[in-house]
Every structure is written in structure tokens, then in C-alpha cells.
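Each chain, letter by letter, is given below.
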Amino acid sequence: MNSAHPSEVTIRHARTQDVRRIREIVAPYVENRVLVAKEHVAYFEGLQEFRVAEIEGHIVGVGALHVFWEDLAEVRTLAVDGSVRGAGVGHLLLERLVDDARQIGVQRVFCLTFEVDFFSRHGFREIDGTPVDKDVFVELLQSQDDGVAEFLDLARVKPNTLGNSRMLLDL
């Protein structure tokens, strides 16, 4: 499937029956510590956030958009099957997730990644610190979500994020 053409790729909302395949695609990234492991139940709990990419009815990629705040969301769990790496599937997924962010009123999209060049090509820039005002920071501290903690650059998530770059896209 390496020769996938963008017109052959369909991006759609994930369904419950997709979770097994989503986990299969994500597994090598978790094993290589590129993505943080999630419990099986977490995929079902966050299913509404996920999009999948299909070629000829086979799921070959996945990505999620998780809203943090009124103007802020995170791209999560962006992964493609090894058979289509380099074929543009990840780009199509990311573009759809960014479009989704625009449609729901988000003005900034965050990601925590090792793939700095990939995200830079889509307009993301590396950031230091936390680009929210003090009041929002205090509110976000109430979240139990590890992605929010990563965005806030909190010490409790540091062991899982070593070497990752914190990036932001302004819409």
C-alpha cells in the first residue's frame, strides 16, 4: 500500500469496532516510546475525538483532537501503519484534525512530538513555557488529563515526555 494516492484515502470519524485496529496501528509507536500507552478502555472513552484514515476499506491511520480549553486543543495519537508511512496519510489526518479544530472554534492546536519536521511543515512551532494566561493556567491545573499536564509542562509527566518537543499551531 506504499503507493497510496491522497484521493484513495478516506478520513472518517472512528467507530467502536475500529478500536482493535487503532490499537494495532498505535502499538509499534508505544513499543518505541513515541506514543504513551493507553488502557484499552481509554480508546472507547475518547472515541468521539478520533478520526481514522482508510484505503480500500482498511484502516491505515489514526489521529485524535482533544479540547483543553475554549481556544485550545491537542492533536493526539497521530499514527499511521508502517505500510503507508511516507505516503501522505499522516498529513491528510493532521489536516482534517486541524480543520475539525477550526470548525469547533479552537484557535490554537498543541502537540507533543518527536516529529518536529512533520508538524513544522503544517505550521506548528516549538514553544517554551505555557502560552496561556495565569487564570487559564490555574483552571487547567484542575484537569487530571496527562495531555493537559504535558501542555502545562508539569513535572509529573516529565518521565514520559523526555525528548519530545512541545509545539503549537495558531489558527
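Structure: above.
Conventions and cut-offs
- Residues numbered from 1 in each chain as written.
- Predicted model: local features only at pLDDT ≥ 70, side-chain atom pairs only at ≥ 80, totals over all residues.
- Heavy atoms only, no water.
- Core = buried A, V, L, I, M, F, W, Y, C linked by side-chain atoms within 4.5 Å.
- Buried < 20%, exposed > 50% of the residue type's maximum accessible area, 1.4 Å probe, protein only.
- Helix = DSSP H or I, 4+ residues; strand = E, 2+ residues; numbered from the N terminus.
- Pairing = 2+ DSSP bridges.
- Contact = heavy atoms within 4.5 Å.
- Axes fitted to C-alpha atoms, helices over the stretch in contact; angles between N-to-C directions.
- Phe/Tyr/Trp six-rings, centres within 6.5 Å; stacked < 30°, edge-to-face > 60°.
- Lys NZ or Arg CZ within 6 Å of the ring centre and 35° of its normal.

Peer 1: I tried to follow the nonpolar core on my own but got confused; where do I start?
Peer 2: Most often, soluble globular proteins have nonpolar side chains that are buried together. With 42 residues, the main nonpolar core has V89 and F119 as its most contacted residues. The element best represented in this core is helix α3 (residues 89–103), accounting for 6 residues. By size, the runner-up hydrophobic cluster in this structure holds 6 residues, among which are F68, F110, L112 and L168.

Peer 1: In this structure, what is going on with the sheet that holds strand β4 (residues 72–80)? I would like to understand it.
Peer 2: Strand pairs in the sheet, formed through backbone hydrogen bonds, run parallel or antiparallel to each other. Reading across the sheet, the 7 strands line up as β1-β2-β3-β4-β5-β7-β6 and stay open at both edges, with mixed pairing between neighbours. If you trace the sheet from one side to the other, it starts and ends with β1 (9–13) and β6 (125–126), each paired once. As defined by bridge partners, β6 adjoins strand β7 (residues 165–170) across 2 bridges and the pair is classed as antiparallel. Looking across to β7, one finds that R125 is bridged to L168. In this fold helix α1 (residues 19–31) packs onto β2 (50–55), β3 (58–69) and β4, with an angle of close to 80 degrees to the strand it touches most, β3.

Peer 1: When you look at the packing of aromatic side chains in this model, what are you seeing that I'm missing?
Peer 2: Describing an aromatic ring pair means giving the distance of the ring centres and the angle of the ring planes. In this structure the tally under the stated criterion is 4 aromatic pairs. Plain terms: the ring middles of Y43 and F50 are 5.9 Å apart, the flat faces sit at 45 degrees to each other, and that makes the pair tilted. One exposure class covers both Y43 and F50, and it is buried. When the centroid spacing of 5.1 Å and the interplanar angle of 90 degrees are considered together, the rings of F118 and F119 count as edge-to-face. Like F118, the residue F119 is buried in the burial classification. Here the aromatic residues F118, F119 and F124 are joined through ring pairs into a cluster of three or more. The ring centre of Y43 lies 5.3 Å from the NZ or CZ of K38, which sits over that ring.

Peer 1: Mind showing me how you'd approach the pairing of β3 here?
Peer 2: Consecutive residues of a regular strand have side chains that alternate between opposite faces of the sheet. Counting buried positions over the 12 residues of β3 gives 9, a clear majority of the element. In terms of strand pairing, β2 meets β3 through 6 bridges, oriented antiparallel. Bridge pairing links V52 to V62 in β3. Hairpin connection between β2 and β3: a loop of 2 residues separates the two successive antiparallel strands, and E56 in this loop has a positive phi of roughly 50 degrees. Here β3 pairs with β4 via 7 bridges, running antiparallel. Across the sheet, residue V67 finds its bridge partner in β4, namely A73. Between β3 and β4, which pair antiparallel and follow one another directly, the connecting turn spans 2 residues.

Keep in mind that these numbers describe shape and distance, not what the molecule does.
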